[in-house]
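# Secondary and tertiary structure notes
So the chains spell out like this:
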Amino acid sequence: MAVRPGLWPALLGIVLTAWLHGSGAQQSATVANPVPGANPDLLPHFLVEPEDVYIVKNKPVLLACKATPATQIFFKCNGEWVRQVDHAIERSTDDGSGLPAMEVRINVSRQQVEKVFGLEEYWCQCVAWSSSGTTKSQKAYIRIAYLRKNFEQEPLAKEVSLEQGIVLPCRPPEGIPPAEVEWLRNEDLVDPSLDPNVYITREHSLVVRQARLADTANYTCVAKNIVARRRSASAAVIVYVDGSWSPWSKWSACGLDCTHWRSRECSDPAPRNGGEECRGTDLDTRNCTSDLCVHTASGPEDVALYVGLIAVAVCLLLLLLVLILVYCRKKEGLDSDVADSSILTSGFQPVSIKPNKADNPHLLTIQPDLSTTTTTCQGSLCPRQDGPSPKFQLANGHLLSPLGGGRHTLHHSSPTSEAEDFVSRLSTQNYFRSLPRGTSNMTYGTFNFLGGRLMIPNTEELCSPCPTASPLEPLLPELSLLMLPCKTLGQSRIHQTRGYTCNGSQTREGYRSQQGISLLIPPDAIPRGKIYEVYLTLHKPEDVRLPLAGCQTLLSPIVSCGPPGVLLTRPVILAMDHCGEPCPESWSLRLKKQSCEGSWEDVLHLGEEAPSRLYYCQLEAGACYVFTEQLGRFALVGEALSVAATKRLKLLLFAPVACTSLEYNIRVYCLHDTHDALKEVVQLEKQLGGQLIQEPRVLHFKDSYHNLRLSIHDVPSSLWKSKLLVSYQEIPFYHIWNGTQQCLHRTFTLERVSPSTSDLACKVWVWQVEGDGQSFNINFNITKDTRFAELLALESEGGVPALVGPSAFKIPFLIRQKIITSLDPPCSRGADWRTLAQKLHLDSHLSFFASKPSPTAMILNLWEARHFPNGNLSQLAAAVAGLGQPDAGLFTVSEAEC
């Protein structure tokens, strides 16, 4: 076989290199190998050699080398020659020597390195040759850079006394290259060169030689390399000062009782930051010595003084008695049945009980009665009548005392003009806050101690699978707890026993509607006598600045409830949906709250909740329920602990309802699987005149730094032409993972060959590289096909965003109180609130429930938040009835009781 003359040098170099330097791959320094008898001055020497480099994310790296004199240069990586076509060659002449020079560059990808990752390090070197021999460059090692998410050791909170030493350890996450460590004190960089009292050890621990009051702060360890920047959990360091007594003051003059005194203060120094108070008394008294004690009380002047003091005391006592009598007479003139001023307001809806159809005497119907008001008394029930009426006391133990025949009575009356005057006066008080009206992302209502519920309009999800009929339904006639209403919520009819509805119409079998963003205000969460105007707001992520550190991602909408700072005596429950797949091994989830100063802080680390804290969370697939005693702005933020962590994306395909041109656009939205994101897109598409053309799909998006790709296939070329110039489109990883960008989408533009073309058949693929994927088979008529439009039907604007008083709860108030009274006390047989929590699969929260005055109330509040409006009351009834309470009629409620 003939060889072209120009290839001889290359072949000669390869043969010489393989023959003379078979073991040279293990060397890292430059090695020259002359041909015997050749001029050594003409051996190649390198002007540029490849250097060690790191691959960041998925970006390939560039290696380059340059030698003179050189006729050929090739790269060799991990003992194998790189193909000639992968070399970028540039020839020139060396300015100094005038000899020919050659520069060669290659790209090395992450996939090439991963093939040998874990077996040995990936290296490359250059081999250059001339007519005098060959020369090998030094080895360049290519490593994949990374930085783990979890610190091997994080700093812990400390309380130290003044001038005591402080050591805060920190072991950064594993990474290549190794992470550099710096410390933050209240978000300010700690610089040991500016503060000789502080230094950082070689093991990255922060040491404060002698603690000062100024060292009280939150300390954060920050690790960073070329890939990422990680922050540890902040450690609160408190430097406390124990109090010390000041010197005693001088003794006072001797008094009439023949004693004198001296004092001192706990101010040298005063206790600070939780330091101990001074021990001992701050006042010292003793008897005067005989020469200081002079008895002059028997003189006429002292006798007159004592008589005057006694007379003044008697006059004050008489005046106090007169004021008490006047107050009592005015008190008797007041209306005797007004026991709580808050019941005179319009802050709640009263209830009246009407019997249901005669064929089912077990069911009672509770409906709002706008013509009545409920008289709520403390200690007695006071019927409001024209003439005087007797009062009776509530007995201890049961909620209601029986009247005749075991029946109970709760009286109602009409509102009076005094009540209207009271409301008008109260409306001027600062309980009310000025709130913006008319926005679709906000709801508000006026509430008192009876509680209620707020719901953001149109944040209900599409119909989703619901539970099948309970196997305990044969027990229903026996359980009076099932005598519960079938209420009306806006235009949606809520289920009674088996019928489920969604958006006002009967749904497909096995489907029901889910609740969106809501705020549950339980009874007695607002103090009696107070009225609050409460609001609930859904924010767009682009309107609120939520800083996310490292690889944190927003998993929930940003929701505000307020007004902040109001007094709550019971936790309210904020319900938010989220798009994370909850798994403790894959996620680190934190609830963030915005402070009054505007900064965001972690108020709860899910999985590490302290029952005594102000916040607690019940996390479920797709929703979280936050117990909070402080209103404010909240968001759920997650940080992936492994590549197994995924977020749910909802994929929706929209196209024009009417197509008047040859072009036809298919918009593919990739949203976080939350109600607010869906609502935003639906409203946007309504403005654009779009329609849904396929059933939505869910895609699980991994924390793998890989982008999301979208492509369209199988477009019939005889009818349509795709205007996409590349094989696929992409949405960058961080645009999706960050979570603050809504309505992310890509558009595929198709062009009809003929205006008469109306049938479209194609496929749309959406997938993450090395991850999950979904495909859509499109086959419909673009001019008349609307079969998918009803899938995005949102709740009617005529719904009720605010429910106040008993109408906001599924469990009737009297039955709720009986359950609480019966299950709160501990029971030796286990028939108490603990067993109820186990039956409702809430036993993981027993410590939180036990920390509250009424654990049963917390359980029922959570049940109300999770199951409104379509809660399975039969399941709750069976759980309560199965506790084995000895009183068989415990939950029996008559019509008169309600």
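As the structure is a computational prediction, the values presented were derived from the model and not from experiment.

Moving on to the packing of helix α7 (residues 813–823) against helix α10 (residues 855–867). How two helices pack is summed up by the angle between their axes together with the distance between the axes. Interhelical geometry of α7 versus α10 gives an angle of 140° and a closest axis separation of 8 Å. Relative to α10, the element α7 lies oblique. Note that α7 runs across α10; the crossing there is right-handed. Contacts between α7 and α10 involve R816, I819, I820 and L823 from the former and T856, A857, L860 and N861 from the latter. Its residues assigned to classes, the contact of α7 with α10 shows five nonpolar, two polar and one charged.

Looking now at unusual backbone geometry. Backbone phi values are negative for most residues with the exception of glycine, while trans is the configuration of most peptide bonds. P69 follows T68 through a cis peptide bond whose omega is -15°. Within the fold, P69 resides in the loop between β4 (61–68) and β5 (72–77). Across the junction of D268 and P269, the peptide omega takes the value 0°, indicating a cis bond. Assignment of secondary structure puts P269 in the loop between β23 (259–263) and β24 (283–287). Of note, the phi angle at N78 is positive, near 50°, even though the residue is not glycine. Looking at where N78 falls in the secondary structure, it is placed in the loop between β5 and β6 (80–81). On the accessibility criterion, N78 (18% relative accessible area) is buried. With phi around 50°, N186 is a residue other than glycine that occupies positive phi space. As for its placement among the helices and strands, N186 is situated in the loop between β16 (180–185) and β17 (188–189).

Per the stated rule, a full pass over the model turns up five disulfides. Across the disulfide from C266 sits C278; the S-S distance is 2.0 Å. Negative torsions about the S-S bond denote left-handed disulfides, and the value of about 80° found for C266 with C278 makes this one right-handed. Highlighted residues: C266 in the loop between β23 and β24 and C278 in the loop between β23 and β24, separated in sequence by twelve residues. For the pair C266 and C278, one class covers both residues: buried.

Attention now goes to the pattern of salt bridges. Any two side chains of opposite charge can pair, so long as their charged atoms come close to each other. Here the structure, examined in full by the defined rule, presents 31 salt bridges. Between R105 and E103 there is a salt bridge, with the nearest N and O atoms lying 3.5 Å from each other. Of the charged contacts, one joins R229 and E182 as a salt bridge, the two residues approaching to 3.4 Å between their closest N and O atoms. On the criterion of sequence distance, the pair formed by R229 in strand β21 (residues 229–231) and E182 in strand β16 is long-range, its members being 47 residues apart. Using a relative accessible area of 38% as the deciding quantity, one classes R229 as partly exposed. Through salt bridges with shared partners, a single ionic network connects R185, D195, R212 and D215.

Scanning the entire structure with this criterion turns up 15 aromatic pairs. Here Y664 and W720 contribute two aromatic rings whose centre-to-centre distance is 6.0 Å and whose plane-to-plane angle is 55°, an arrangement assigned as tilted. Of this pair, Y664 sits in strand β50 (residues 663–672) while W720 sits in strand β54 (residues 720–722), placing them 56 residues apart in sequence. Owing to a relative accessible area of 0%, Y664 belongs among the buried residues under this scheme. Plain terms: the ring middles of Y728 and W767 are 6.3 Å apart, the flat faces sit at 70° to each other, and that makes the pair edge-to-face. Here the residue Y728 occupies a position in the loop between β54 and β55 (729–731), and W767 occupies one in strand β57 (residues 759–768), the gap between them amounting to 39 residues. Aromatic ring contacts, followed pair by pair, group W587, F701, Y705, F733, Y734 and W737 into a single cluster. Of note, K57 hangs over the ring of Y705, and the distance from its end group to the ring centre comes to 4.9 Å. Above the ring of W245, the side-chain terminus of R264 is found at 4.1 Å from the ring centroid.

Another aspect to go through is the sheet that holds β55. In a beta sheet, neighbouring strands pair by backbone hydrogen bonds and run either parallel or antiparallel. Strands sit in the order β55-β53-β57-β58 across an open sheet of four strands; the sheet is antiparallel. Among the strands making up the open sheet, the edge pair consists of β55 and β58 (773–781). Pairwise comparison of adjacent strand axes, ignoring direction, gives a mean angle of 20° for this sheet. With six bridges connecting them, strand β53 (residues 708–713) and β57 associate as antiparallel partners. Across the sheet, the residue bridging to R709 is W767, located in β57.

Moving on, we come to the confidence of the model for the chain. Confidence along the chain averages 75 in pLDDT terms, with 72% of residues attaining 70 or more. No element of the chain has a lower mean pLDDT than strand β28 (residues 380–381), which averages 28, and none a higher one than strand β39 (residues 518–521), which averages 95. The low-confidence segment residues 333–438 (pLDDT under 50) makes 174 contacts with residues lying over four places distant or belonging to another chain. Overall, residues 886–891 carries pLDDT values under 50, and its contacts beyond four positions in sequence, including any with other chains, amount to ten contacts.

Structurally, L538 can be placed in strand β40 (residues 532–539). Taking the relative accessible area as the measure of exposure, L538 reaches 8% and is therefore buried. For the pair L538 and R633, spaced 95 residues apart in the sequence, the C-alpha separation amounts to 9.6 Å.

Cut-off values and rules
Residues numbered from 1 in each chain as written. Predicted model: local features only at pLDDT ≥ 70, side-chain atom pairs only at ≥ 80, totals over all residues. Heavy atoms only, no water. Axes fitted to C-alpha atoms, helices over the stretch in contact; angles between N-to-C directions. Helix = DSSP H or I, 4+ residues; strand = E, 2+ residues; numbered from the N terminus. Parallel < 35°, antiparallel > 145°, perpendicular 65-115°, else oblique. Left-handed = near helix turned anticlockwise from the far one by under 90°. Contact = heavy atoms within 4.5 Å. Nonpolar A, V, L, I, M, F, W, Y, C, P; charged D, E, K, R; others polar. Buried < 20%, exposed > 50% of the residue type's maximum accessible area, 1.4 Å probe, protein only. Disulfide = S-S within 2.5 Å. Salt bridge = Lys/Arg side-chain N within 4 Å of Asp/Glu carboxyl O. Phe/Tyr/Trp six-rings, centres within 6.5 Å; stacked < 30°, edge-to-face > 60°. Lys NZ or Arg CZ within 6 Å of the ring centre and 35° of its normal. Pairing = 2+ DSSP bridges. pLDDT = per-residue confidence, 0-100.

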